[in-house]
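Here are the chains, one letter per residue:
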Amino acid sequence: MSGLSRSPHALVTGGGRGIGREIASALVQAGATVTVLGRDRKALADLVTAGVAHGAVIADVADQAAMNAAIAEAAVRQPIDILIANAGAAESAPFGKTDAAMFRRMLDVNFMGVVHAAQAVLRPMVQRRQGRIVAIASTAGLKGYSYVSAYCAAKHAVVGLVRSLALEVAGSGVTVNAVCPGFTDTDLVAGSIDLIMSKTGRSRDGAIAELAKHNPQGKLVTPAEVANAVVWLCSPGASSVTGQTIAVAGGEI
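Reading the values: the criteria
Residues numbered from 1 in each chain as written. Predicted model: local features only at pLDDT ≥ 70, side-chain atom pairs only at ≥ 80, totals over all residues. Heavy atoms only, no water. Salt bridge = Lys/Arg side-chain N within 4 Å of Asp/Glu carboxyl O. Helix = DSSP H or I, 4+ residues; strand = E, 2+ residues; numbered from the N terminus. Buried < 20%, exposed > 50% of the residue type's maximum accessible area, 1.4 Å probe, protein only. Polar contact = N/O pair within 3.5 Å; in protein donor to acceptor, adjacent residues only side chain to side chain. Contact = heavy atoms within 4.5 Å. Core = buried A, V, L, I, M, F, W, Y, C linked by side-chain atoms within 4.5 Å.

### Quick notes on the pattern of salt bridges
Then comes step 1: For the structure on display, the rule yields five salt bridges.
Then comes step 2: As a salt-bridge pair, K42 and D46 come within 2.9 Å of each other at their nearest N and O atoms. Here K42 pairs with D46, and both are found in helix α2 (residues 41-50), just four residues apart, close to one helical turn.
Then comes step 3: Residue K42 is classed as exposed on the basis of its relative accessible area, which comes to 58%.
Then comes step 4: Residue classification places D46 among the partly exposed residues on the basis of a relative accessible area of 38%.

### Focus: the side chain of T33
Then comes step 1: With respect to the helices, strands and loops of the structure, T33 is situated in strand β2 (residues 33-38).
Then comes step 2: There is a polar contact of 3.4 Å between the side chain of T33 and the side chain of S7.
Then comes step 3: The residues touching T33, leaving out its near neighbours within four places in the chain, are S7, P8, H9, A10, H54, R77 and Q78.

### A word on α2
Then comes step 1: You can read the cap of α2 off the contacts: a side-chain oxygen lies 3.3 Å from the backbone nitrogen of K42, and it is on D40.
Then comes step 2: Once α2 finishes, G51 follows within two positions and takes phi at roughly 85°, a positive value.

### Quick notes on the nonpolar core
Then comes step 1: Counting 34 residues, the largest nonpolar core has L11, L37, I71, L83, I133 and V176 as the members making the most contacts within it.
Then comes step 2: Mapped by element, the contributors of at least two residues to this core are α3 (64-77), β4 (82-85), α4 (100-128), β5 (131-136), α5 (149-168) and β6 (174-181).
Then comes step 3: Of the residues forming this core, the biggest block, eight residues, is contributed by α4.
Then comes step 4: Discounting chain neighbours no more than four positions away, the residues touching I133 are L83, A118, V121, L122, M125, V174, T175, V176 and N177.
Then comes step 5: Among the nonpolar cores identified, the runner-up in size contains 32 residues, and V12, I19, I84 and V134 belong to it.

### Looking at helix α8 (residues 223-233)
Then comes step 1: Those residues of α8 not exposed but buried are P223, V226, A227, A229, V230, V231 and L233.
Then comes step 2: Those residues of α8 that are buried lie in contact with α1 (18-30), β4, β5, β6 and β7 (245-248).

Shown next as structure tokens:
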């Protein structure tokens, strides 16, 4: 794993579980001071107790005022050098049954959550002429999947934001990239597995195989594999990498 050249302060949204927790842990191991942000106060406190993070702040990423307050609180410890905009949610339904409220929920969490976090940290990064912003998007931001049109639309929006913002700040010392995991072995995907089982009568192994078939390597991605890509993007060696979407998906993209 690429190390970090000093002890930067990293903020990880959705840091209480799954990919976010793994990213927080990997950044700590690489030498960063890490603050996790989320809604579950106890889960975040447990991560700090376990040494997975150094601090925690509470906010719903869809609430801009709450995000601004939480990120300002985190920055008191140390200016934020790295933002990992990881928080996300997925809902599925046929397009004909996907109402406006679902589209709004998916956009509010998956897209506006990234917007709110990036707007809260970007100005100080530009002023210091250094910073890393990494959005955890999805292969759903690079291709389509059936029955998740709202989720795919939101993740495509994240990819568009990353590409645009990277150009806007390219001369400032701040890089902006997206990591796009395929189906990953997390509790979010566990919900998809349960849904496949309930709707099709398949066994758990059969449901996992249904998701893993998208990956040419024939497996679910691990959170650690996603975290390794993130840590590299935050390292000095990736200072010329910006505006990119890195798929961690076994060759699916």
